[in-house]
Amino acid sequence: MKIDTAKNVLGKPINRVDGVLKVTGHARYAAEQQFDEKALVGWLVSSDTAIGEITHLSTQEAEKAEGVHAVLTYKNAGPLKPFSKPASESRFTQSRAVLNEPHIRHFGAPVALVIADTLEQARYAASLVEYTIDAKSPDLLLSSEQATTVPDSLDGGFEADVESGNTDHDKKAVEIEADYTTPSQISAAMEPHATIANFDGDKLTVYTSVQIIASAVEALAVTFELDEQNIEVKSPYVGGGFGSKLGLHYDAVLACLGARYLKRPVKVVLSRRQVFYNSPHRGNSFQQMHLSCDSDGLIGDIQHHSAMPRAKGYAFAEATGAVARVTYRAEHIKSTHRIKDADIPLIDSTRSPGDAIGSLAFESAIDELALKAGIDPLTFRIKNLPQVHPVSGKRFTTHRLGDCLQEGAQKFGWQHKPAPKPGKLIGHGVASAMRMNVLVPSAASISLDSNGKLTVRSDMTDIGTGSYTILAQIAAGALHSQIDSVNVQLGDSSLPPSCGSGGSFGAASTGSALMKACELLKQSLKKALKQKLPNLTSECELVLEGNTLVVYETDVDTHTKEKGVDKTNLDTHANTSEPQRFLLSELIDESEFPLTEIGEVSEDDTSEDEQYSCGAHFVEVEVDTHTGEVRLKRQYGIFSAGKILNEKTASSQIKGGMVWGAGYALTEAIHHHTDSASFINPDFGEYHIAVNRDIAEVTLDFLETPDYEASPIGAKGIGELGITGAGAAIANAITDATGVRIREFPITMDKVMEGLKSQRHS
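Reading guide: rules and limits
Residues numbered from 1 in each chain as written. Predicted model: local features only at pLDDT ≥ 70, side-chain atom pairs only at ≥ 80, totals over all residues. Heavy atoms only, no water. Helix = DSSP H or I, 4+ residues; strand = E, 2+ residues; numbered from the N terminus. Rg over C-alpha atoms; globule rule 2.2 N^0.38 Å. Buried < 20%, exposed > 50% of the residue type's maximum accessible area, 1.4 Å probe, protein only. Areas by Shrake-Rupley, 256 points an atom, 1.4 Å probe, with all protein chains shown as cover. Expected span 1.5 Å × (residues − 1). Arc of directions from axis to C-beta. Axes fitted to C-alpha atoms, helices over the stretch in contact; angles between N-to-C directions. Parallel < 35°, antiparallel > 145°, perpendicular 65-115°, else oblique. Left-handed = near helix turned anticlockwise from the far one by under 90°. Contact = heavy atoms within 4.5 Å. Nonpolar A, V, L, I, M, F, W, Y, C, P; charged D, E, K, R; others polar. Pairing = 2+ DSSP bridges. Core = buried A, V, L, I, M, F, W, Y, C linked by side-chain atoms within 4.5 Å. Phe/Tyr/Trp six-rings, centres within 6.5 Å; stacked < 30°, edge-to-face > 60°. Lys NZ or Arg CZ within 6 Å of the ring centre and 35° of its normal.

Before we go on, may I ask you to explain the overall build of the chain in this structure?
Looking only at helices and strands, the chain has 16 helices and 30 strands in total. Taking 2.2 N^0.38 as the reference for a compact globule, 762 residues should give roughly 27 Å; the C-alpha atoms of the chain span a radius of gyration of 28 Å, in line with that estimate. With the C-alpha coordinates of the chain rotated into their principal frame, the extents come out at 85 × 75 × 50 Å. Taken over 762 residues, the chain has a buried fraction of 62%. Here the chain has roughly 29,000 Å² of accessible surface; of this, 48% comes from carbon and sulfur atoms.

Quick look at the structure:
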């Protein structure tokens with residue numbers, strides 16, 4: 001008899017299980033949480049200079065204002081461990097101290113926190129705070145030559161400098177030198193950074209918008225010098241993070257300071273402008289490349305030098321050259337990174353750190369080399385695909401970049417362009433995407449009650465990517481149950497600790513931990529079944545139908561016995577006997593419910609070989625030769641990221657990244673005042689994100705190949721692939737249309753017009 005695997009929900013594009021809660025307003029985000037006592041509201045007084053010492057500070061008038069309960073400054077905020085200490089902690093668990101000293105580290109940093117009954121009262125009183133800062137000239141990175149420091153390490157665990165291969169080779173018939181720049185950029189997620197905190201005796205409870213719960217607890221313990229056991233952090237719903245909420249920031253510490261001082265709940269929500277200064281952003285980059293190939297298009301040299309700023313006192317350096325080390329084989333590869341410590345707001349992970357902006361430059365330069373060699377850019381890429389990792393020499397657990405490029409080109413209609421209109425030029429562009437996969441230690445539990453209800457628990461967060469949904473699918477799939485029989489509880493430090501969300505590691509890591517928990521639960525059920533069925537084999541399959549457990553004695557192919565193979569989607573056949581049914585209450589004593597198991601994963605559950613997700617981006621653009629306006633006509637991507645746990649949520653992540661890639665290519669840039677190190681455009685009025693009018697058709701496909709060497713569940717990272725390479729494909733399409741190569745991102749109309757003008761005069 002056959003198990004109906006068509007009903008299995010794992011991998012299916014089902015709707016978000018938390019969708020109704022969100023659209024009806026019942027999913028509470030950080031700023032919407034409540035304690036028994038109404039929270040007071042805190043508002044930042046922000047510095048008007050980049051670096052210096054506070055020499056005068058008067059809060060008397062603000063303290064007299066209506067509704068004000070306190071004005072906190074470095075004089076009265078209370079003791080904190082100094083910022084970024086101790087050095088032995090990671091950047092996410094070091095102290096996040098603020099208002100602990102008169103020193104101002106960057107423009108827009110908090111000078112004071114005004115706490116009042118209402119937001120309006122707090123904002124007005126903040127305008128009454130007087131201060132003077134003895135300002136010094138700020139350090140900024142204005143040219144690549146200024147970056148001379150070698151970082152100890154790069155984000156993602158990469159070495160700062162890598163060189164491999166033979167410099168004395170004969171593949172130098174065609175050479176290019178290319179200098180690219182990318183501007184400062186910001187995530188600025190839909191939900192601003194927000195926290196509500198309360199001290200109840202020694203117990204600190206914090207609702208905050210953060211991506212990783214466990215490190216948030218550690219950071220608060222370090223900052224306030226508290227016992228971790230007395231701290232509870234909750235973040236059940238996060239309205240986007242994209243790296244800016246991996247760790248805690250000023251909003252969290254300020255809310256906790258206010259709660260400690262007043263012994264009452266205090267809420268701090270950053271305005272959009274405050275988010276620009278008081279949460280992390282991506283630094284500007286200078287990327288210098290030397291590439292070469294022979295007359296047949298085989299690459300000789302890949303040399304990539306990156307120069308970027310690093311915020312003073314904060315150890316984060318972006319691996320901008322990572323994509324140049326892995327995407328194509330070459331006789332000689334050299335990748336170096338240099339930094340300059342600058343007086344700017346924190347620089348930290350922003351979606352697809354390293355790869356997003358590294359691919360903008362590198363994949364554009366690869367196009368330059370291909371065109372100079374007289375070879376189609378698609379053909380050039382396929383010709384130079386590596387068989388093993390180009391630097392380490394290790395095998396890839398899976399590597400389908402060639403399939404993505406070839407199948408993607410066919411589906412996109414590579415270089416089959418529509419006829420242009422008068423004054424309009426049509427171009428096609430392509431770019432590769434490679435993103436390292438990481439399995440991060442994680443835990444999750446599964447509980448079964450006597451009614452057949454399953455409960456998943458983990459401190460994993462859902463940042464809008466669908467964690468609630470895929471974890472429900474994994475649990476339901478493991479026991480061939482219905483999705484509505486699964487309850488998922490996330491985002492609470494009292495739950496089993498996970499990796500959190502970010503870096504494309506969440507689904508595979510926590511999902512694998514949950515899969516292990518489900519396997520342990522099934523083993524417990526089979527042990528109980530042995531009392532009823534002494535001859536039961538270990539290969540039997542269990543189906544949970546409400547409060548009834550259905551037992552199938554199965555004939556399983558030998559390949560299903562291999563380590564790591566996911567049997568939840570197999571076409572499993574029973575032998576000739578009918579399945580047997582048991583009430584859960586018949587198998588297990590009522591006192592033993594809920595039956596609970598915890599699953600864990602670690603680095604031991606993943607291969608030591610190279611693990612990457614990959615993809616290919618294809619773009620069609622239309623360029624107006626009279627105005628320089630670039631219009632996207634089509635964006636198409638095809639991706640290989642192991643097992644796809646939910647096609648709908650995976651597609652949403654990829655499409656969001658592709659849209660963001662369009663922003664990086666065409667519109668997004670933070671501009672700096674060099675005298676004050678402030679931002680010229682710290683809001684969405686002038687920091688131009690891509691909007692509906694900027695985006696056209698966005699489509700994608702997946703090449704699904706479960707990779708059980710990468711994770712026990714077979715999934716690999718997916719969230720970063722959409723943005724990696726997307727912007728370069730647009731840049732390459734503009735060059736294909738116009739013959740103009742623009743190396744300074746974003747590619748705005750004035751730069752296109754200047755390029756067309758130079759082209760006409762050459």
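How should I be thinking about helix α10 (residues 401–412) in this particular structure?
Within an α-helix, residues lying three or four positions from one another point in the same direction, as the helix has 3.6 residues per turn. Compared with the 16 Å implied by 1.5 Å per residue over 12 residues, the 16 Å span of α10 between its first and last C-alpha is a close match. Every buried residue of α10 is accounted for by Leu 401, Gly 402, Cys 404, Leu 405, Gly 408, Ala 409 and Phe 412. The arc that holds every buried residue of α10, seen down its axis, measures 165 degrees, which confines them to one face. Projecting away from the buried face of α10 at angles above 90 degrees are the exposed residues Gln 410 and Lys 411.

Teacher, can you tell me more about the packing of helix α11 (residues 467–478) against helix α12 (residues 506–529) here?
Helix packing for two helices is described by the angle between their axes and how far apart those axes are. Running from N to C, α11 and α12 cross one another at 25 degrees; their axes reach a closest spacing of 9 Å. In terms of axis orientation, α11 runs roughly parallel to α12. The two elements α11 and α12 cross, and the hand of that crossing is right-handed. Contact residues: α11 offers Ile 470, Leu 471, Ile 474, Ala 475 and Ala 478, while α12 offers Ala 507, Thr 510, Gly 511, Leu 514, Met 515, Cys 518 and Lys 522. In terms of residue class, the contact of α11 with α12 is built from nine nonpolar, two polar and one charged.

What is the right way to read helix α3 (residues 119–126) from this model?
Among all positions in α3, only Gln 121, Ala 122, Ala 125 and Ala 126 are buried. An end-on view of α3 places all buried positions within 130 degrees of arc, on one side of the element. Those residues of α3 that are exposed and aimed more than 90 degrees away from the buried face are Glu 120 and Tyr 124. Tucked into the core, α3 has its buried residues touching β1 (40–46), α2 (60–64), β3 (68–72) and β5 (110–116).

How should the sheet that holds strand β16 (residues 299–311) be read in this particular structure?
The strands that make up a sheet pair up through hydrogen bonds in the backbone, lying either parallel or antiparallel. Read from one edge to the other, the open sheet built from five strands follows the order β7-β17-β16-β15-β8, with strand pairing classed as mixed. Of all strands in the sheet, those with a lone pairing partner are β7 (162–165) and β8 (174–182), marking the two edges. For this sheet the average axis-to-axis angle between neighbouring strands, irrespective of direction, equals 10 degrees. Judged from the eight bridges that link them, strand β15 (residues 285–293) and β16 form a sheet pairing that is antiparallel. Opposite His 290, over in β16, you have Gln 303 as the bridge partner. With respect to the sheet, helix α8 (residues 355–372) is in contact with β8, β15 and β16, its orientation differing from that of β8 by roughly 155 degrees.

Where do I start with unusual backbone geometry in this structure?
It is generally the case that most residues other than glycine have a negative phi and that most peptide bonds are trans. Here the bond from Lys 85 into Pro 86 is cis, since omega is -10 degrees, no more than 30 degrees from zero. Between Phe 593 and Pro 594 the backbone carries a cis peptide bond, its omega angle lying at -5 degrees. Turning to its location among the elements, Pro 594 is positioned in the loop between α13 (584–587) and β27 (595–601). Look at Gln 415: it is not a glycine, yet its phi comes out positive at around 60 degrees. By secondary structure assignment, the location of Gln 415 is in the loop between α10 and β18 (424–436). In this structure Gln 415 comes out as partly exposed when scored by relative accessible area, which is 30%. Backbone geometry places Ser 504, a non-glycine residue, at a positive phi of 60 degrees. Within the element layout of this structure, Ser 504 appears in the loop between β21 (486–489) and α12. We classify Ser 504 as buried; its relative accessible area is 14%.

Would you explain the nonpolar core in this entry?
Side chains of a nonpolar character, in soluble globular proteins, are inclined to be buried together. Among the nonpolar cores identified, the biggest contains 90 residues, and Phe 362, Phe 618, Val 621 and Ile 730 are the most heavily contacted of them. A per-element tally of this core places α8 first, with nine residues. Setting aside anything within four residues of it in sequence, one finds Ile 730 in contact with Val 619, Val 621, Leu 632, Gln 635, Gly 661, Ala 662, Ala 665 and Leu 666. Core analysis: the next-biggest nonpolar cluster, separate from the first, contains 59 residues, Ala 77, Val 217, Leu 246 and Tyr 314 among them.

Looking at this structure, how should I read the sheet that holds strand β19 (residues 442–448)?
Here we have four strands laid out as an open sheet, ordered β21-β20-β19-β27, and mixed in their pairing. On the outer flanks of this sheet lie β21 and β27, each paired with one strand and no other. The sheet shows a mean angle of 20 degrees between the axes of neighbouring strands, taken without regard to direction. One ladder, built from four bridges, connects strand β20 (residues 454–457) with β21; its direction is parallel. Bridged to Leu 454 within β21 is Val 486. Most of the contacts of α11 go to β21, to which it runs at about 135 degrees, and overall it touches β19, β20 and β21. Along the sheet face, α12 touches β19, β20 and β27 and points at about 140 degrees away from the line of β27.

Before we go on, may I ask you to explain the packing of aromatic side chains in this structure?
For any pair of aromatic rings, the description rests on two quantities: the centre-to-centre distance and the angle between the ring planes. Per the stated rule, a full pass over the model turns up 15 aromatic pairs. Centroid distance Phe 276 to Phe 684: 6.3 Å. Interplanar angle 75 degrees. Geometry classified as edge-to-face. Here the residue Phe 276 occupies a position in helix α6 (residues 272–278), and Phe 684 occupies one in the loop between α14 (647–666) and β30 (697–702), the gap between them amounting to 408 residues. Note on Phe 684: relative accessible area 35%, which makes it partly exposed. The ring centre of Phe 83 lies 3.8 Å from the NZ or CZ of Arg 105, which sits over that ring. Seen from the ring of Phe 412, Arg 634 lies directly overhead, with NZ or CZ sitting 4.0 Å from the centre.

Could you clarify how one ought to interpret the environment of Ala 472 in this entry?
By the secondary structure assignment, Ala 472 is in helix α11. For Ala 472 and Gly 663, which are 191 residues apart along the polypeptide, the C-alpha to C-alpha distance reads 33 Å. In this structure Ala 472 touches Val 17, Ile 483, Val 486 and Val 488, once residues within four positions along its chain are discounted.

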